[in-house]
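Here are the chains, one letter per residue:
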Amino acid sequence: MDFAEYERDGKSAYAALAEVVAGILTELIRANGQYRLQQVMSRAKTTESLLKKLRDRNLEASKAIDDEIKDLAGCRVIFYTNTDVSRLLHSGLIHEHFEVVDVKVHHPEHDNEDAELYTSNHFVVRLSAERLAQPGFREFAGMRCEIQVQTILNHAWAEMAHDTIYKTPELDAMGKRTLDEIKARMRRIAQEYLVPAGYEFQKIAADFDRLLEGKTLADEKPLDAIVAATSNDERFDALVRFKDVLLPLYDDMSASYPVVVDRLIVAAEAARTMTTSVVVTPFGRSGGKTFKDVLGPISEILTFYRYVDPVKTFSAALALNGLAQEGDEAKAVVGLGHALAKFHYRIASYGVGVQAALLDQMEALGLQDRAANRRLLVPMLGDMLGLGVSCTSHHATEVRFHRGTLAATPELVAVRARAIRILQGLFVTTNTDPERLAILQALWVATQVPYQGGYGDDAQQLVMTNAAEILGFHTTQLPELSLELKQSCETWVHRLYHIYVELPPDMRSKPQLVEAQASLVAAALRFKKVADSDPEFGIFKLLVGYNSVFPPAWDDRHFQYTGAEEYRHSRFPDLIASVTEETEEAWFQRLDRFSRVDASDLATFPAFGKFLSQLAEAKPAIVLDYLARVEGPLKNFLPEMLNGVLRTAMRPQALALADQWLVDGLNLPLLAWQQRIADPFDEGTLQRILRRAMETGDMHAVSVACTAAANQFDKHPGTLIAEVFLPAVEFLATSGKYDWLRHPWTSWMNKGIVEGMDEPGSDRLLKALLRCPDLEQNCEYIMASVAKHFPISVLRLIGERIALGRTEAAPAGYEPVPFSLYMLPDALRAQLEAQPELLLHQAIDWFRADKLRFPFSGARVVVSIFPAVDGQLAERLMEIASAGGNEELAFLLALLEAYGGKEFLYPILRTVVDRLEPSDKFLRRVGRVMDESGVVHGEFGFVELNQARRRWLQPWLEDASEKVRAFADARVKQLDATIASETRSAEISVAMRRMQYGEDVRGQGE
């Protein structure tokens, strides 16, 4: 069709097509019911506009303008909001009902001031085959129509721009400045008015929808539904909807809050008594919501609205505390208490009224109720003793942390005094060490100045005065405390003493601070005097703990770090001398008591073990007696005691005792541990221990024998590998036991016993690791050591683990290869860098075994070894790209898929594209490789990534190969559409978030 034919007949035909398309779109959109449609416009291109476009493109003589010009027929779908535009684009409606020929997204590029401001989504479509088969539509076969989708504001701008900017007359020596001003004004209108107005319309629509949803929920009486729910799953869902949808719409929360709180507590009580239901999902059966889950949204509601009525909130916290069990349930309630009791930055200027009101409620509780709610009250009271205030404020693009310091007003002084009294009262009625320590730690808060500074002399004096008072309380309670608590208290007192024993120069000239310091230091020294008068505590400090305070430390603040251990060990001879036949039993009871200290770290007992070893060497007869009857935690120190006796003349008796234990199958793990540190070491003894442990099925003893062999190997290699280590490891692997990899004080990094193995031994060791559930740190260390000499053996193990992971025979929780490796890649790279084909041969076998999952398993291993494709690896992969068969090409693309679409892949991918025909299925795989990405940052992360991808393809557009140019051209068009779409989504997200926080949508202030 030429221009004359279009003018004569074509225009009316295309106008009819546009009307048909507009009618179909209008019917489909209105039938959906979710859209705010303004209208669907239709038109055929005017002859004037068509002639101008043909002249601009030098197509005036074209006989096929219907092929050259895609918008002879056009429809514009106009919505009120961006949300409706996005909804239509994501619905697939156009693709489902039309044959889509081309898609183009028009949107200004991010951070490009000169970008075109026209915003719209264009679809070039034909009527579908199904539609053409219906009566009255056949005449439109082969004809195209352009569908434009945009908001009414973008439509208004586009119409004005079309009638001005795009219809610019030919200008010679006049009007250019005026036209530039028009263009600048159009840009300003778009940027300052239309774009923000579009986001405002979208926010209005979203808020109104939320209001309607809230009104609907309110009509359903949600609080009644929460209480009457027949399952905790139903109750949880109702709570979340109530919290997120309805509560923010309450106009007078203060009037509604008491009712809301009461109903929430009734709901919590109902949830506590309800059994957990079983939920059937496509992935299997799972447990339903529990009381803990229900407690989550209840606590969030009470926390958010806590200041509406602090007393009511506290009453609710008490009720929830009575319902909550220890663990996560209690944490949620305590978290609510923290939020309520802490001094908040935003309300600190109003005084301490909230804390005073809470103290009124606490003091009104009876002693029994206070004790019952100790876990809630103690942390709340500790919060009231802090002088710091803080809060966070959330903004569209940042979170701000606000901190300050309270002034030492009379009201604050009174609050702190009341809180201290309640804590002291709770302490004297508490019997357990953990509960007492929690109270002491809460009291210690009162002795700390705000770490951010900014406090005055009054605040400093208040802290010192409170500290002296609390020190006095500690001193009176000290005789009744356990040894462990005494140690904790003394550590704290000692630290406080050194903070204030010498005032900074600026404080020495202030009498009130000097007086407070004198009281505090005197109180600390009184505590020291009482602590020093307890000889049992003195012995305890020498033997147990890493933070013991010894007498010289009071005069030298650095003694704890420079002389404590030397002092401790210098006192051992005196202690050992005091162990006699007369005191033997008392010492046994003492050691038994000390060994029962609840230690959560590995630094509590090193001195204790050394003392027992020295005691055994000095008093072997007494320790032999201990060994014959040791039980409980003290038995854990049997290796140290046995080692000490073995270094004396009573070695035969000690060996006889150990032999008897071996025969009886007793204390085998401890005997193996003793061999771990034995000096002199006897391999025969360790072999006997291992054999007996295997006979009795004592897995722990076998495990310890592994580490004992590893520890002794460097000095006593002997036959430890063949006779102890490998048999033990294989025995444990048969039973699925791998705890030998996680023993304390044992690292398998560069372990001599592993690096000393030959290839058959290494293969046996690796085979034993096949069923290890995960290649955790020490397991990887072992593989890295083997890889230094036998990299192919390690690669074979990886392949076998990947293969096992695909079967039902894999152990529960089996992870063939971790997502990230630490040491192993470096070890393998060092061996394979010069010959990467060894790795590729293994990798292609992994690919053949499981093509679908290879990019997420075997390929990831290759990437960890060679994070970048360069050097000889790049050469080998380029060889496959240029000359490999179909299977090798499929392997190559699956491997490259794991590299996250990096730029260094493009030369290899260009080679692949150059050898393929346009219809080859592998071209889609090339696109998938390019589409992969790693981590992106920020709202415009994907926009920037796709812009980079477009830059990487620019050289392809000028490539000598037509196939490469065609692929790049299509790819760049796709990237243009993606960049525009991602930019639009990101800008909407940013604007909506800014409005959510009451900020200007353009980010120009709050």
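Scroll up to find the structure this text is about.
Residues numbered from 1 in each chain as written. Predicted model: local features only at pLDDT ≥ 70, side-chain atom pairs only at ≥ 80, totals over all residues. Heavy atoms only, no water.

Across the interface, helix α11 (residues 253-273) lies against helix α12 (residues 291-304) with an axial gap of 10 Å and an inter-helix angle of 170 degrees. Comparing the axis directions of α11 and α12 gives the class roughly antiparallel. Along the contact surface, α11 presents Y257, V261, L264, A268, A271 and R272, while α12 presents F291, V294, I298, I301 and L302. Taken together, the residues that form the contact of α11 with α12 break down as 10 nonpolar, no polar and one charged. (Axes fitted to C-alpha atoms, helices over the stretch in contact; angles between N-to-C directions. Helix = DSSP H or I, 4+ residues; strand = E, 2+ residues; numbered from the N terminus. Parallel < 35°, antiparallel > 145°, perpendicular 65-115°, else oblique. Contact = heavy atoms within 4.5 Å. Nonpolar A, V, L, I, M, F, W, Y, C, P; charged D, E, K, R; others polar.)

Quick look at the sheet that holds strand β3 (residues 98-106) now. Judged by pairing direction, the sheet is mixed, and its five strands sit side by side in the order β1-β2-β5-β4-β3 without closing on themselves. One side of each edge strand has no neighbouring strand; the edge strands of this open sheet are β1 (37-44) and β3. Across the sheet, the mean angle separating the axes of adjacent strands is 20 degrees when strand polarity is ignored. Here strand β4 (residues 120-127) pairs with strand β5 (residues 145-151) via five bridges, running antiparallel. (Pairing = 2+ DSSP bridges.)

Okay, the environment of K312 next. Tracing the chain through its elements places K312 in helix α13 (residues 310-323). Taking C-alpha positions, K312 is 9.1 Å from D262, a pair spaced 50 residues apart along the chain. Apart from the residues lying within four places of it in its own chain, the contact partners of K312 are Y257, P258, V261 and D262.

Before going further, it helps to spend a moment on the side chain of T81. Tracing the backbone through its elements, the reader meets T81 in the loop between β2 (73-79) and α4 (82-91). Of the residues examined, T81 reaches a relative accessible area of 3% and is grouped as buried. A polar atom in the side chain of T81 sits 2.9 Å from the side chain of D84. Once you skip the residues sitting within four places of it in the chain, T81 turns out to touch T151, F201, Q202 and A205. (Buried < 20%, exposed > 50% of the residue type's maximum accessible area, 1.4 Å probe, protein only. Polar contact = N/O pair within 3.5 Å; in protein donor to acceptor, adjacent residues only side chain to side chain.)

Bringing the pattern of salt bridges into the picture now. Applying the stated criterion across every chain, the model contains 62 salt bridges. Note that D659 is salt-bridged to R688, the shortest N-O span being 2.9 Å. Taken together, the residues span a long stretch of sequence, with D659 in helix α32 (residues 651-664) and R688 in helix α34 (residues 683-696) at a distance of 29 residues. In this structure R688 comes out as partly exposed when scored by relative accessible area, which is 35%. (Salt bridge = Lys/Arg side-chain N within 4 Å of Asp/Glu carboxyl O.)

Time to look at the nonpolar core. Among the nonpolar cores identified, the biggest contains 253 residues, and L543, F725 and W740 are the most heavily contacted of them. Those residues in contact with F725 that lie beyond four places of it in its chain are C706, A709, L720, W740, W748, I753, M757 and L765. (Core = buried A, V, L, I, M, F, W, Y, C linked by side-chain atoms within 4.5 Å.)

This brings us to the environment of S120. By the secondary structure assignment, S120 is in strand β4. With 30 residues separating them along the chain, S120 and Q150 place their C-alpha atoms 5.0 Å apart. Engagement of the side chain of S120 in a polar contact is seen with the backbone oxygen of V149, the distance being 3.4 Å.

This part covers the packing of aromatic side chains. With the rule as written, the count across this model stands at 27 aromatic pairs. Ring geometry for F847 and F854: centres 5.6 Å apart, planes at 80 degrees, overall edge-to-face. Given a relative accessible area of 1%, F854 falls into the buried group. Joined through ring pairs, the aromatic side chains of Y906, W952, W956 and F967 make up one cluster. Residue placement shows R131 over the ring face of F137; its charged tip is 5.8 Å from the ring centre. Residue placement shows R436 over the ring face of F427; its charged tip is 4.7 Å from the ring centre. (Phe/Tyr/Trp six-rings, centres within 6.5 Å; stacked < 30°, edge-to-face > 60°. Lys NZ or Arg CZ within 6 Å of the ring centre and 35° of its normal.)

Bringing the pairing of β2 into the picture now. For β2, the buried fraction is high: seven of the seven residues fall into the buried class. Bridge count between β1 and β2: seven bridges; the pairing is antiparallel. Residue A44 lies in a different strand from β2, and its bridge partner there is A73. Of the pairings in the sheet, the one linking β2 to β5 comprises six bridges and is parallel in character. Residue pairing in the sheet places G74 in a bridge with E146 of β5.

Structural measurements only, silent on function.
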